[in-house]
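Now for the letters of each chain:
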Amino acid sequence: MSNINCVLRTFLVIFFVCLLAACVLVGHAATPTTVPDAEAILKRADTFRNGWPSYVLHVKITNFESDKADEEKLYEVSQKGTEKTYVEFMSPREKGQHLLMLGDDMWVYLPDTSRPVRITPLERLSGDASNGDVARTNYAADYNPAYVRTEKVGAEECNVLELTAKRKGATYQRILFWVRVQDARPVKAEFYLTSGKHIKSASFDEYASIGGKSQLRRMTLYDEIRHNSHSILEYSGIAPRELPDKLFYQGRTDRF
Amino acid sequence: MNEIVSVEAVTRRFPLNHDRTKNLVSALSEASLHVEAGEFLAIAGPSGSGKTTLLNLIGCIDQPTSGRILIEGVDTSTLSPARMSVLRREKIGFVFQTFNLIPVFTAAENVEYPLLIQGIDSRVRRERVAQALEEVGLSARANHRPDLLSGGERQRVAVARAIVHRPALVLADEPTANLDTHNATQLIDLMHGLNRRLGLTFIFSTHDARLLEHTERIVRLCDGEIQSDTQVQSNTLNEGGIRGQVLASSLS
Amino acid sequence: MGKFLLLAFRNVFRNRRRTIMTLIMVGGGVAGLLLVGGFFARMFWGLRESTINDGLGHIQIFTAEHFNREEKHVLDTGIDNWRQVAATIQAGRHVRGIAPRIEFNGMLSNGVKSGVFMGSAVDPVAENSLGFTPRLESGRDLDSKSGGEIEALIGAGVARSMNVKPGDGLTLLAVTSDGALNGIDVQVVGVVNTGFKEMDDRYLRITLPSAQRLLQSDRVTNLVVGLDRTENTDMVAAELTPSLRGQPQQLVLKKWIDLAAYYKQVRSLFSTIFVFLGVIVFFMVLMSSVNTLLMTMFERTREIGTMLAMGTPRAWIMSLFILEAIVLGVLGAIVGVAGGNLIGFLLNHAGIHLPPQSLWPSTFSTSPA
C-alpha cells in the first residue's frame, strides 16, 4: 500500500511541476509586445526618401495659391550621407543658383556673386517648401523620436511619432509623423515651430518602386497659417550615385 | 405844507449773534416823527441812542423791524431794492461824519457824482456843480483832490455833493464830529443857510449840545426812544429854556 | 459812462506799488509765455527743416496703390513712367529738384554671416542737389559714375556686424520684382551713422541703376521733391496735384507734414506742454489779480457803501470793479507783450542759444544748400 502512495505522490509532484512549467512557458509566449522602437521606425521611414547613402534625384515644385497653379521650379538634389546635400536650381530663371548643406549650416550661392549667403533650413525655397524640406529629409539624424500612439489614417493603421529637434540645424523644432505600422512608410506629418505654432502639414501621396525600393514620388505641403496655399513636390530620376566630396565644396569656385 | 418824512411807530431790532431769534437789541423803539418840507431839524442824543439808526431808516439804507416810514407819502416797505435805490438817488442827499469822498475824484467830480448816476447830461452837470461849489464857497478848490483839502473843506464838498441834485431831503449823520469847533459851527450855519435859501429840508444828528443852539427843531433820543420833539425859534438864542410850541409829548 | 472808466483807471493807480507788482506779475506771465512760445516755435522750425533736409524733402509722389495695399513683390506698387512725371514736376515753380528713390530689402552676406538690410536706392547727383547728404562716419558717398564695382553705403551697425569697412565687399540677396532670387556683389565705399541704432543696424544705400539691376525693374518707389522754401509747400502741392492726373497710374502727392511722423509727435507733445504751461500761468495770474482786486474791494468798503447809499445801482459797482480788472489786465498784457518782445530781442542779439542745439541727430542747417 505505501508504495502506491509513494508513486502517486511522485507522479502528482512531477505533474504539477510540468503544469507549472507549461504555464510559465505559455505565459512567456503570451506576454504582449513592448512599445515599438521609435528609433527603428524612424530610420525605416527615412529610407523611403533617402533610399541610398549616396543618391541623386530631381524634384519639381508646383505652388498653388487658392488652388491656382503658379509656375513650377525644378531642382536637382545630390545627397551624400546625412551631412552633405547639394541642390542645383534647374529652372531657367534660377539657373546658376545652388544651395549647399554641410552639417548644421546652409548657404545659397548666386551667380555673379563672389560669396555665398548663409540661410536657414526653415526659409522658403519655393512656395510652401522650405530649404530643409528639400535638402534635409533625413529625420533620424536631426530628431529624437518618441512613440505617441497608433491610429488609423484613412484605411491605414499608423504609428504616430513625435520628433523633437536634437541639433541646431534641424528644420523644425517639432514634427508629428504618421507612418504605416506595417512598413513605416510615411503617410502624413505636421510641422511645429519653437513657439508651438503649427505652420505646415505634409501628406506623402505617392510611392513607386525604384531599384527594388519603394521611394516617395509625390508629396504635398500645406500652409497652416494662410490656409489657401499649398505646394506639390514631385520626385523623379531617383538613383544611387557615387558623389565626390569636392561637389560639397564650401568656397566659391566655378562649378564643374 | 407837505410832509417829506413820516416815521410811524418804527422799531429796529438787531440780533446780537448769529441766531436771529435771541438776544435782540432794540436800537430804536416805537419812534414816530413827522418832518415837513423845508424844516431844519436836529436829532440829538448821546452815543448809542439810536441817532444813526433813525437816520439810516429815514434814508432807506435800513429797514424797520416794525412800523413804517413814508418818504413823500411813499411807504418805503413797498419798494423793491432797485426802486429804493432810485429814491435815494433822486430824493435824498447824504453827508457823513467821515466825509466819504471818493479820493481819486476832484472836488468838482465828487460833487458831480449824484448827477452822474442820474444820467444827467454833462453840460448841465457842469453848471450845477459850479453852482453847488459856489453855494458852499469852494469854487476855488474845484479841481483839488480830497487829500489836498482841509477837513472843513472836505465836509463842505460833501455838503455840495448832497445838494447838487436838489433832493427833497438832506440827511447828515454827525457831520461835525470830525471837525474842530470853529469849522463845526461854520458847517451848521452853512447848512442852515442852504436850508433857508434853497428851501431844502435838512435833518442832521449830533451829540454836541453847542450845535443845537442854531437849530429850529430838536428831537431828543435816548436809548432808542424819542424823549422829546421841540420846536425852537431859529433866530432867537435863549440861554435858558425852550420857548414856543411843544409838539410831541415825551414817551416813556 | 466815460467818467466811470476814468474812475476805474484812477482807482487802478490808487496804490502805485501794488498795481506795479500786479502788472509785473501779469506782464511776467504774458512775457514768459511769449518767450517760451517763441522758443518752441524756433524749435519746431529747426526740427521741421532738419527733418526735411535729412532726406524727407518737401513733397513726395507715390502711386495710390502704394497706400492701398502691401506689395506682393518689390516695386509692384512703384511708379512706371517716373522720368516723365519728374520732368513735369521739375517745370513747376519753386521746385529745386527731384530725387527718385527705391525702397527695398533683402539679405546681405560677408560669406560667413548673413544679415537683413533695409535698403534704399538713390540718384546721388539728385540727392546732393537737394542737400540730402548722408552722415558719413567713414569713407565717402556713392559715386553715380562708377563704372566697375557696384558701390554701397552701409550703416554703422551693419559694418560692425559684418565686420567690414570701406573697401571691403558684401553680397546682396534680394527677391526681384517677379519673385525670383537675385544677388549682386557690392563694394562698401562709406559707413553711415544716422543716429538711430535701429536704422544703423540695417541701413544700406546703393545707386538707382544698381538696384534696378538687382531687382530687375525700371520702376521707382517714390519721387522726392525739394522746394526753395518750406512755406511754399501748400501752394506747390496745390499746383502740382492737377498735373498728376491723367497719368497711366493713379499718383498721390504727400506733403512733408503727412510723412513727418516724428516731427508731428514732437510738435504735438510740446504744444500740449505749452498749453498746459499756459493754463498754469493763466491760473496763477488770475489768482493774483483776484487777490489784488479783493484787497482793494475790502479797502474800499466805506467808499462802496457811500456810493450805494447815494443810490448807485449795484450793477454799476460791479461794473466798476470789472472795469478795473480789465484795465489791469490790458495794462498787464501790454507790459507783457512789450517786455517779452524786448527780452526776446535782447536774447536774440546777445547770441545766447537756449538749449539744446544738438537735440536732433542732424545738423541744424538753416539755409537751403
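## Remarks on the interface of chain B and chain C
Every contact between the two is made by 16 residues of chain B and, on the other side, 13 residues of chain C. A total of four residues in the side of chain B that touches chain C trace back to one element, the largest contributor, which is helix α2 (residues 81-91) of chain B. The residue inventory of the side of chain B that touches chain C, partitioned by class, reads 11 nonpolar, three polar and two charged.

## A short note on helix α2 (residues 16-56) of chain C
For α2 of chain C, spanning 41 residues, the distance from its first C-alpha to its last is 56 Å, which sits close to the expected 60 Å at 1.5 Å a residue. Where α2 of chain C ends, the next residue or the one after it, Gly 57 of chain C, has phi of about 75°, a positive value.

## Remarks on helix α13 (residues 314-350) of chain C
Spacing of three or four residues puts side chains on the same side of an α-helix, whose turn is 3.6 residues. With 37 residues, α13 of chain C should reach 54 Å at 1.5 Å per residue; the first-to-last C-alpha distance of 53 Å fits that figure. On its buried face, α13 of chain C is in contact with α1 (2-12), α2 and α11 (261-299) of chain C.

## Looking at the interface of chain C and chain A
With 15 residues of chain C at the contact, the number on the chain A side is 12 residues. The set of elements that each furnish at least two residues to the side of chain C that touches chain A consists of β2 (95-109), β6 (169-175) and β7 (181-192) of chain C. By residue number, the principal contributor to the side of chain C that touches chain A is β7 of chain C, which donates five residues. Grouping the constituent residues of the side of chain C that touches chain A by class yields five nonpolar, eight polar and two charged.

## Describing the environment of Asn 159 of chain A
Residue and element names in this part refer to chain A. Mapped onto the elements of the fold, Asn 159 is located in strand β10 (residues 156-165). Taking the number of C-beta atoms within 10 Å as the measure of exposure, Asn 159 has 23 and is therefore buried. As a C-alpha pair, Asn 159 and Arg 185 span 26 residues in sequence and 9.9 Å in three-dimensional space. Leave out the neighbours within four places in its chain, and Asn 159 touches Pro 36, Ile 41, Tyr 147, Thr 150, Val 179 and Val 181.

## Some remarks on unusual backbone geometry
Peptide bonds are, in most cases, trans, and in most cases residues other than glycine have a negative phi. Of note in the backbone geometry, Ala 184 of chain A takes a positive phi value of approximately 60° without being a glycine. Within the element layout of this structure, Ala 184 of chain A appears in the loop between β11 (174-180) and β12 (186-192). The backbone phi angle of Phe 99 of chain B is positive, close to 65°, even though this residue is not glycine. Looking at the element boundaries, Phe 99 of chain B is found in the loop between β6 (92-95) and α3 (107-116). The class for Phe 99 of chain B is buried, based on 21 C-beta atoms found within 10 Å.

## Comments concerning the nonpolar core
With 112 residues, the main nonpolar core has Val 179 of chain A together with Ala 152, Ile 154, Leu 223 and Val 225 of chain C as its most contacted residues. The dominant element in this core, judged by the number of residues it contributes, is β2 of chain C, at seven residues. Excluding residues within four positions of it along the chain, Val 179 of chain A makes contact with Ile 41, Ala 45, Cys 158, Asn 159, Leu 161, Ala 184, Arg 185, Pro 186 and Val 187 of chain A. Counting 68 residues, the second largest nonpolar core, distinct from the first, contains Leu 101, Leu 138, Ala 162 and Leu 200 of chain B.

## Structural notes on the packing of α11 of chain C against α13 of chain C
Packed helices, taken two at a time, are described by their axes: the angle between them and the distance between them. Residue and element names in this part refer to chain C. Two elements in contact, α11 and α13, have axes separated by 11 Å at closest approach and are oriented at 140°. Judged by the angle between their axes, α11 and α13 are oblique. Along this stretch, α11 crosses α13, giving a crossing that reads as right-handed. Listed contacts from α13 to Ser 289, Leu 293 and Met 297 of α11 are Phe 321, Ala 325, Leu 328 and Gly 329. Split by residue class, the contact of α11 with α13 holds five nonpolar, two polar and no charged.

## Things to note about the pairing of strand β2 (residues 68-80) of chain A
All names here are of chain A. Note that strand β1 (residues 54-65) and β2 share 11 bridges and pair antiparallel. Each bridged residue has a counterpart across the sheet, and for Leu 57 the counterpart in β2 is Val 77. In sequence, β1 turns back onto β2 through a hairpin of two residues, with Ser 66 there showing a positive phi of about 50°. Counting the residues that bridge the hairpin from β2 to strand β3 (residues 84-89) gives three residues, and of these Gly 81 lies at a positive phi of roughly 65°.

Definitions and limits used
- Here, residues in each chain are numbered from 1, in the same order as that chain's written sequence.
- Chains carry letters from A onward and ligands carry numbers from 1 onward, assigned in written order.
- For this predicted model, a pLDDT threshold of at least 70 governs which residues receive local features, and a threshold of 80 or more governs which side-chain atom pairs are given and counted, while totals over whole chains, interfaces and linings are taken from all residues.
- Each residue is represented by a C-beta atom placed from its backbone, and any two residues with such atoms within 7 Å are regarded as in contact.
- To qualify as a helix, a DSSP run of H or I must reach at least 4 residues; to qualify as a strand, a run of E must reach at least 2; elements of each kind are numbered from the N terminus.
- Residue polarity follows a fixed list, in which Ala, Val, Leu, Ile, Met, Phe, Trp, Tyr, Cys and Pro are nonpolar, Asp, Glu, Lys and Arg are charged, and the others, Gly among them, are polar.
- Expected span of a helix: the number of residues minus one, times 1.5 Å.
- Note on burial: count the other C-beta atoms lying within 10 Å of the residue's C-beta; 20 or more is buried, 12 or fewer is exposed, in between is partly exposed, and C-beta positions come from the backbone.
- By definition, a nonpolar core groups buried Ala, Val, Leu, Ile, Met, Phe, Trp, Tyr and Cys residues that connect through C-beta atoms lying within 7 Å of each other.
- Working convention: axes come from line fits to C-alpha atoms, limited for helices to the stretch in contact. Angles between N-to-C directions cover 0 to 180 degrees.
- Relative orientations are named as follows: roughly parallel for angles under 35 degrees, roughly antiparallel for angles over 145 degrees, roughly perpendicular for angles from 65 to 115 degrees, and oblique for any other angle.
- By convention, the crossing between two helices is left-handed when the near helix turns anticlockwise from the far helix through less than a right angle, and right-handed when the turn is clockwise.
- At least two DSSP bridges between two strands are needed for those strands to be called paired.

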